[in-house]
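Report on the structure
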Number of protein chains: 2
Amino acid sequence: MAKAKKEEKSHKELRKEYTYNKLKGLGQEIIEEIEKNKVPNLKVPSRGTGNIVYDDAKRYYVLGDRYGRRSLGNVKQIRKLGQMVYVANFCKDLVAREKTATIREMYYVSEGWGISFKNQQESNIVGEDLEVTLGTTREDLGLMPEEDGASVYGDLTLFDEVEVNASKMGKSGYTISPTIDQVDFLDCNVDKVLAVETMGMFHRLVQENAHKRFNCLIVGLKGQAARATRRFIKRVNTELDLPVYICNDGDPWGFHIAQVIISGSAKLAHVNHDLATPDAKFIGVTASDIINYDLPTDKLKDVDVLRLKELSKDPRYKGDFWQTEIKKMLKIGKKAEQQSFSKYGLEYVVDTYFPAKFEEMENQA
Amino acid sequence: MAKAKKEEKSHKELRKEYTYNKLKGLGQEIIEEIEKNKVPNLKVPSRGTGNIVYDDAKRYYVLGDRYGRRSLGNVKQIRKLGQMVYVANFCKDLVAREKTATIREMYYVSEGWGISFKNQQESNIVGEDLEVTLGTTREDLGLMPEEDGASVYGDLTLFDEVEVNASKMGKSGYTISPTIDQVDFLDCNVDKVLAVETMGMFHRLVQENAHKRFNCLIVGLKGQAARATRRFIKRVNTELDLPVYICNDGDPWGFHIAQVIISGSAKLAHVNHDLATPDAKFIGVTASDIINYDLPTDKLKDVDVLRLKELSKDPRYKGDFWQTEIKKMLKIGKKAEQQSFSKYGLEYVVDTYFPAKFEEMENQA
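Residues numbered from 1 in each chain as written. Chains lettered and ligands numbered in written order. Predicted model: local features only at pLDDT ≥ 70, side-chain atom pairs only at ≥ 80, totals over all residues. Heavy atoms only, no water.

As for the relation of the copies chain B and chain A
The line we're drawing: The superposition of copies rests on a least-squares fit of C-alpha positions from residues with pLDDT of 70 or more in both. In this analysis, two residues are considered to be in contact whenever any of their non-hydrogen atoms come within 4.5 Å of each other.
It takes a turn of 180° to lay chain B on chain A, together with a shift of 0.0 Å along the axis; the resulting RMSD is 0.0 Å. This pairing of chains is accounted for by a two-fold axis. Both copies present the same face, since 100% of the interface residues in chain B are matched by interface residues at the equivalent positions in chain A.

Rendered as structure tokens:
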């Protein structure tokens, strides 16, 4: 892509408008029912395990059709519905003022409402109820996670309060803002994304100029990817048409960090349409890599073996690639870290391993 | 300060030269002894508990005078001394090429040396031995921690590969590079630093324009401050003459996050001269704040009470301020998070709390 399309409204403005109208609609629905002398009630999709389904076509977890109704006519539900309206109102105000609050702040703010929460767990659940009822992410509602996202390095120009280029922000690059949907992509001169689990590997790639060599964005995931990171990866994949490659430690935990980016988590089935990137590819460290590159390894611990067996039964791992690699890892009984390539020198991973992997990927495509 | 002094050599160049000469000197010392037909040996300061002393004048932990000698004439020490020379040589190469490696990468690289390590713990210890022998930080030697430092927002211009201004890098600001001593400060138009424990509070401050209102740098510590963060705070305090104020959760853990920035840790006594900022001030949340602002609280848990009692006996907490606040917290039996000010609205902390605190600080000064 040469230039990101300049639409009349920016991504940020469109999301804001959409969310604001959704929140306003929720209130109007209640008002209308009251005006018709009906008892207001809201349809809340169920988030129970029984309603979380792996969608083969979409290649991620989604919510099924089950839902509950919350009615002001039911004494047990009045409190919860009231809280939801308060939270929606709080969020509408945040969205209008382009502000955010952490869910922790919301909990404290609610002390001033007539209908406060018993504890933060209760306020978190109502936040999720609203998310699932409106089909928007918490971040769109102005409710911010505590954690920032990954680090990004490479030739991507974006607008996040100011115009920045992720290759000109110092060695640690651009930090993905928790409110990544308030960010617009302006220009991009790379042709792929290479996401790695550790910041050690991120800095290795930056030092070896991997962003120039592979014409890629380098993303440092910092372990399990934050929601903002998953949203960022989804957006660059779909809006900028960039293929995404993930390289993590070669163990069940590294596998799953990649898989949650690819196919989403069951817990967030209601927002996976915004977070999952089914076309992202895990390129290593695989059990085959451990053998082919004769990597320094550690023995699988009992907990690793148990986890690998769990993964092999998970619908997200049912493809041939995963089944083969999981079996192979169980067979050799070993795991390896991504930094273990430095056995062959610090530059090896960039000079030899990634070029081989990218060639392999191109031959597959 | 208007402009950072532009010396002939940059901070980065001076540190590089100093470290390179230290490493070269270590090798030369050994060669000279061999040429004199002496058995080479190295003086390694002791890092044992008995040699870690709280220095009342410096106001942080330092190493005492005890040291050991490692000699090639002692069969038990040959291996360790050999490893140290290999690590020093590896680091000399890193410094010369302006590269870094994680201690994990060094461990894997060492597989190619004739004198490899049994496990990473052994290689870490040799890295620390070198640090303490030379009196330089690991980062100066090119050995990088895995983690990036804090987020910084505000009008500070620095050179980190490129010239950047921390108020023009997106909502999450500048991420402190793990190799912060390779960074030069170019210009600074703030008069203080406000460091906060959570990224939730960091984003609150940015949103409420606290950097303009208080003419400060906002630093988001992300919990226990990384070494790079502590070094950054030390540098802005001493090189740019900026007073540093820290606001954390009002509990023993928040107290200690501040205290490690102020007085350093015992474990890193050998590098506290580079990391500790004895003039930094903890401004809250104090036990007095909990009472004065009638904050939402949680009950102290047993582990909190235990920790508070430990802190009260720690030499770093012997001043009146800390003794009073610890006693008060034990008496009320309650703790409060920094985000709990949002009980009075999201803006309260910036509109009311911090202005009151800064006024108090100025009256004390």
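Further notes follow.
So, the packing of aromatic side chains
Let me state the cut-off plainly: Here the aromatic set is Phe, Tyr and Trp, taking the six-membered ring for Trp, and pairing holds for ring centres within 6.5 Å; pairs whose planes are under 30 degrees apart are stacked, those over 60 apart are edge-to-face, and all others are tilted. Relative accessibility thresholds used throughout: buried, under 20% of the residue-type maximum; exposed, over 50%; partly exposed, between the two (1.4 Å probe, protein chains only). Throughout this description, the term charge over a ring refers to an Arg CZ or Lys NZ atom that lies within 6 Å of the ring centre and within 35 degrees of the ring normal.
Scanning the entire structure with this criterion turns up 46 aromatic pairs over all chains. Taken together, a centroid distance of 5.5 Å and an interplanar angle of 50° make the contact between Tyr107(A) and Tyr108(A) tilted. Each member of the pair Tyr107(A) and Tyr108(A) is classed as buried. Consider the rings of Tyr344(B) and Tyr348(B), whose centres lie 4.7 Å apart with planes at 40°: the pair is tilted. Here the aromatic cluster, defined as three or more aromatic residues joined through ring pairs, consists of Phe214(A), Tyr245(A), Tyr293(A), Phe341(A), Tyr344(A), Tyr348(A), Tyr353(A), Phe354(A) and Phe358(A). Over the aromatic face of Phe358(A) sits the side chain of Lys192(A), whose NZ or CZ is 5.0 Å from the ring centroid. Lys43(B) extends its terminal NZ or CZ atom over the ring of Tyr67(B), reaching a point 4.4 Å from the ring centre.

Section: a nonpolar patch on the surface
Keep this limit in mind: A patch consists of residues exposed above 30% relative accessible area that lack any salt bridge, with like charges linked at up to 9 Å and nonpolar side chains (Val, Leu, Ile, Met, Phe, Trp, Tyr) linked at up to 5 Å. Per-residue and other accessible areas follow the Shrake-Rupley method at a 1.4 Å probe size, with only the shown protein chains counted as cover for residues. By convention in these notes, a salt bridge is any Lys or Arg side-chain nitrogen within 4 Å of a carboxyl oxygen on Asp or Glu. Secondary structure elements are taken from DSSP: a helix is a run of H or I of four residues or more, a strand is a run of E of two residues or more, and numbering for both begins at the N terminus.
A contiguous nonpolar patch, built from Val39(A), Leu72(A), Val75(A) and Ile78(A) and spanning about 350 Å² of accessible area, is present on the exposed surface. With respect to the helices and strands, the residue Leu72(A) is situated in the loop between strand E4 (67-71) and helix H2 (75-96).

Re the UniProt feature "binding site: Mg(2+)" (unreviewed entry) in chain A
All names here are of chain A. The line we're drawing: UniProt positions are given in the numbering used here, feature names are shortened, and annotations may be inferred rather than shown by experiment.
Here the UniProt feature "binding site: Mg(2+)" (unreviewed entry) sits at Glu197 and Asp249. In summary, the annotated positions, though distributed over 53 residues, converge in three dimensions, the widest C-alpha pair being only 7.0 Å. Mapping Glu197 onto the fold places it in the loop between strand E12 (192-196) and helix H5 (199-207). Apart from the residues lying within four places of it in its own chain, the contact partners of Glu197 are Leu221, Lys222, Gly223, Cys247, Asn248, Asp249, Gly254, Ile257 and Gln338. Once residues lying within four places of it in the same chain are set aside, the contact partners of Asp249 are Glu197, Gly254, Phe255, Val285, Ala336, Glu337 and Gln338.

Focus on the side chain of Lys99(A)
Structurally, Lys99(A) can be placed in the loop between H2 and strand E5 (101-102). Once residues within four sequence positions are removed from consideration, Lys99(A) is found in contact with Leu94(A), Gly142(A), Arg204(B), Gln207(B), Glu208(B) and Glu347(B).

Concerning the nonpolar core
Across soluble globular proteins, you tend to see nonpolar side chains buried next to one another. For clarity, the cut-off: Nonpolar core, defined: a set of buried Ala, Val, Leu, Ile, Met, Phe, Trp, Tyr and Cys residues in which side-chain atoms within 4.5 Å join the residues together.
Counting residues in hydrophobic clusters, the biggest one holds 142 residues, and the most contacted among them are Tyr174(A), Phe232(A), Phe354(A), Tyr174(B), Phe232(B) and Phe354(B). With sequence-adjacent residues up to four places away left out, Tyr174(A) is seen in contact with Ala150(A), Ser151(A), Val152(A), Leu158(A), Asp160(A), Val164(A), Ala166(A), Met169(A), Ile180(A), Val183(A) and Met169(B).

A word on the environment of Thr133(B)
All names here are of chain B. The condition is simple: Pairs of N or O atoms within 3.5 Å make up the polar contacts considered here, provided that, within protein, one atom can donate a hydrogen while the other can accept it, and that residues adjacent in sequence are counted only when both atoms are side-chain atoms.
Among the structural elements, Thr133 can be located in helix H4 (residues 120-134). As a C-alpha pair, Thr133 and Asp56 span 77 residues in sequence and 23 Å in three-dimensional space. Not counting residues up to four positions away in its chain, the partners in contact with Thr133 are Leu26, Lys43, Val44, Pro45 and Met84. There is a polar contact of 2.6 Å between the side chain of Thr133 and the backbone oxygen of Asp129.

Focus: the domain arrangement of chain A
Residue and element names in this part refer to chain A. How we decide: Reported domain spans reflect what an automatic or database domain assignment gives. Buried area: the accessible surface (1.4 Å probe) lost by two parts on joining, summed over both.
Entries for chain A in the domain assignment read domain 1 (11-144) and domain 2 (151-364). Centre-to-centre, using C-alpha coordinates, domain 1 lies 32 Å away from domain 2. On the domain 2 side, the residues contacting the 24 residues of domain 1 number 29 residues. Carbon and sulfur atoms make up 54% of the surface buried where domain 1 meets domain 2, a total of about 2,300 Å² over both sides. For domain 1, the biggest contributors to the area lost against domain 2 are His11, Tyr60 and Tyr61; these three give 30% of the whole. Connecting domain 1 to domain 2 are 6 salt bridges. Its salt-bridge partner being Asp181, residue Arg15 comes within 3.1 Å of it at the nearest N-O pair. Taken together, the links from domain 1 to domain 2 amount to 12 residue pairs in polar contact (both at pLDDT 80 or more).

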